[in-house]
Amino acid sequence: MNTILTINNLTKKFGRLTAVNNLSFTIEKGNVYGILGPNGSGKSTTLGIVLNVVNKTSGDFQWFNGEESTNNALKKVGAIIERPNFYPYMTAAANLNLVCKIKGVPANKVEEKLRLVELWDRRDDKFKTFSLGMKQRLAIASALLNDPEILILDEPTNGLDPQGIHQIRELIKQIAQTGTTILLASHLLDEVEKVCSHVVIMRKGVKLYSGRVDEMIASFGFFELKSENQELLLTTLKENPAFGNVSHQNDYIKVILNEDVTATEMNKFLFEKGIILSHLVKRKESLEEQFLQLTANQQ
Amino acid sequence: MKRLLQIEFIKLWNSRSSKILIGAYFVLLCLITLIAAIKFDIGSIHFNLAEQGIFNFPYIWHLNTFIAAFLKIFLAVVIVSMMSNEYSNKTIKQNLIDGLSKKEFVLSKFLTVVVFSVISTIFIAVVTLILGLIYSDFKTFSIITTDIDYLFAYFIKLVGFFSFCLFLGVLIKRSAFALGFLILWQIIEGITYGVLKKYVFTEGNTTDYIMDLFPLNSMSNLLKEPVSKFGAVKAVANQVGETFTKDYGTHWYEYFIVIVWTLIFVYGSLALLKKRDL
């Protein structure tokens, strides 16, 4: 068993507001997980609870099958929540040395990790002189000091400029390739789609879905079609049971598939019916479309 | 334990303002020796404080610890801010995420407070010993070691006071407000005394007994003012017909009250930390 984190029926109430409601999921070693949800859906609260800074109301969680106390387990975890928090008057290197002491890892890791995030040249500068992008990279270096079993990132690109966002994403991909398990909380769908293999979707503290990104909605994808004779195309498609919902979208006709149909088969079928296409695209729903569909279903 | 002290040492030593205040505190402790230099002339009377016997053993133990205790406010600023800055920088959150337990966090601060108090006590012991050996009229071993328990009272007083500062740092989370509250608390104790004395327990010593239980009052009871004990002052008082019958010693229950407060402050800080969401 390579379970890193198990969450069972976790609930957190702030007064009358239920921020996390009966949440359960499991994190297995080696995968890249995304926690997806709009702002205020309980992502950060959930991470806060498992990271020992927010008290749960009920339910429980276990790190590494409960073999160690939470704070000892956290020494094998690397995590950044929201903004990077360091001592502003201390240099980058001094801040990381402090983290080494807390986590109980040798100080020679500092150079390696500062080089990884390209801050080695700035090691003797005070944290308060750093730009937000540099602060965020320093936070990632700090989280990696102990070569963690799992790296937890909460909105790591929040507030960064496009260049900063790109740097952080490259860094995350690089880390994922080394086999480190990653848990990434974000409200940015494309971010999760680009990086994650598994996803947990939350809304208003409730889990809507957890599992592989590509299995999120069992679907065969859809076609976007266009021809000279849109009316004929529309009626032909509606007669065939292989196609589900057929609708007009702007200039195109969108056909949702009930069974697997290749582009070649589609083209051949319509040509035999006397329809010549000027536009034919087969696509899978993007995470965004799936997400909207999923949240709409649950309302 | 060594690890927890190292963690706190890194945090303090890299902060310039803490370093300056800590340095200033220990320099000022040494400057107590300057009392010896107080000299003035009133007409034909030549007065030198050092020659008036204030540096005699065992009196000097009481005098020096009493004066040195006033300087603790410098370290109080450092201690309040080392706690409240963890909140304003949100570094307490990151410390916990990095794997420090809440208990270890409070313990690292408390151990630092104890170390400060130990160093301060050693400092004042050395300064006093040197001053005494230079100016005291009595230098036998038995007289030198008499009343040396004032050093212990000084130590307990510092630990108690600094624990109070830690607790205020956790409770209020802003250093300026926490220090303000410390002053406010001193005033509250004063007002409570006045009200109790005037309206509640108008007769007897009940008010004094109750006030002995208050944190700041109990700490000041550990080192009572030594001035009226001083021979020269007594002589003047006798001339104007006043006699002091005051108990200058420190009693076991006075230590006990302060130690109980220290425990309340340390465990109170931990309880607050455990209860709060960060």
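Everything quoted here is computed from the prediction, not taken from an experiment. (Residues numbered from 1 in each chain as written. Chains lettered and ligands numbered in written order. Predicted model: local features only at pLDDT ≥ 70, side-chain atom pairs only at ≥ 80, totals over all residues. Heavy atoms only, no water.)

Next up on the list: the interface of chain B and chain A. With 28 residues of chain B at the contact, the number on the chain A side is 27 residues. Across the interface of chain B and chain A, roughly 2600 Å² is buried in total on both sides, 53% from carbon and sulfur atoms. Its largest share of buried area at the contact with chain A, chain B owes to Ile97, Asp98 and Asp277 of chain B, together 25% of the area lost on that side. Taking the shortest distance from any N to any O, the salt bridge between Lys12 of chain A and Asp277 of chain B comes out at 2.8 Å. Scanning the region where chain B abuts chain A turns up 13 residue pairs in polar contact (both at pLDDT 80 or more). Per-element accounting of the side of chain B that touches chain A gives the leading share, 6 residues, to helix 5 (residues 91-97) of chain B. Here the side of chain B that touches chain A is built from residues that sort into 6 nonpolar, 9 polar and 13 charged. (Contact = heavy atoms within 4.5 Å. Buried area = accessible area lost by both parts, 1.4 Å probe. Salt bridge = Lys/Arg side-chain N within 4 Å of Asp/Glu carboxyl O. Polar contact = N/O pair within 3.5 Å; in protein donor to acceptor, adjacent residues only side chain to side chain. Helix = DSSP H or I, 4+ residues; strand = E, 2+ residues; numbered from the N terminus. Nonpolar A, V, L, I, M, F, W, Y, C, P; charged D, E, K, R; others polar.)

Residue and element names in this part refer to chain A. Within the open sheet, the 6 strands sit side by side as 5-6-7-3-8-9. Their pairing is mixed. Strands with a single pairing partner mark the edges of an open sheet, and in this sheet they are strand 5 (77-80) and strand 9 (206-212). Between one strand axis and the next, the sheet turns by 10° as a mean value, whatever way the strands run. Against the sheet, helix 5 (residues 132-144) engages strand 5 and strand 6 (150-154), with an angle of about 160° to strand 5. (Pairing = 2+ DSSP bridges. Axes fitted to C-alpha atoms, helices over the stretch in contact; angles between N-to-C directions.)

This next bit is on a positive patch on the surface. A surface patch of like charges, here positive, comprises Lys126 and Lys128 of chain A together with Arg16 and Lys19 of chain B. With respect to the helices and strands, Lys19 of chain B occurs in helix 2 (residues 16-31). The class of Lys19 of chain B is partly exposed, set by a relative accessible area of 34%. (Patch = residues over 30% accessible without salt bridge, like charges linked within 9 Å, V, L, I, M, F, W, Y side chains within 5 Å. Areas by Shrake-Rupley, 256 points an atom, 1.4 Å probe, with all protein chains shown as cover. Lys, Arg positive; Asp, Glu negative; His and termini not counted. Charge placed at Lys NZ, Arg CZ, Asp CG, Glu CD. Buried < 20%, exposed > 50% of the residue type's maximum accessible area, 1.4 Å probe, protein only.)

All names here are of chain B. Counting buried positions over the 8 residues of helix 11 (residues 215-222) gives 6, a clear majority of the element. Buried residues of helix 11: Pro215, Leu216, Ser218, Met219, Asn221 and Leu222, and no others. Buried residues belonging to helix 11 abut helix 8 (149-172), helix 9 (175-200) and helix 13 (252-275).

Moving on, we get to the UniProt feature "transmembrane region" (unreviewed entry) in chain B. Residues and elements named next belong to chain B. The residues that UniProt annotates with the feature "transmembrane region" (unreviewed entry) are residues 20-40, 60-83, 110-135, 150-170, 177-196 and 252-273. Secondary structure across residues 110-135 divides into 100% helix and 0% strand, with the first and last C-alpha atoms of the span separated by 37 Å. Secondary structure content for residues 177-196 is 100% helix and 0% strand, while the C-alpha to C-alpha distance between its ends is 28 Å. (UniProt positions renumbered as here; feature names shortened; annotations may be inferred.)

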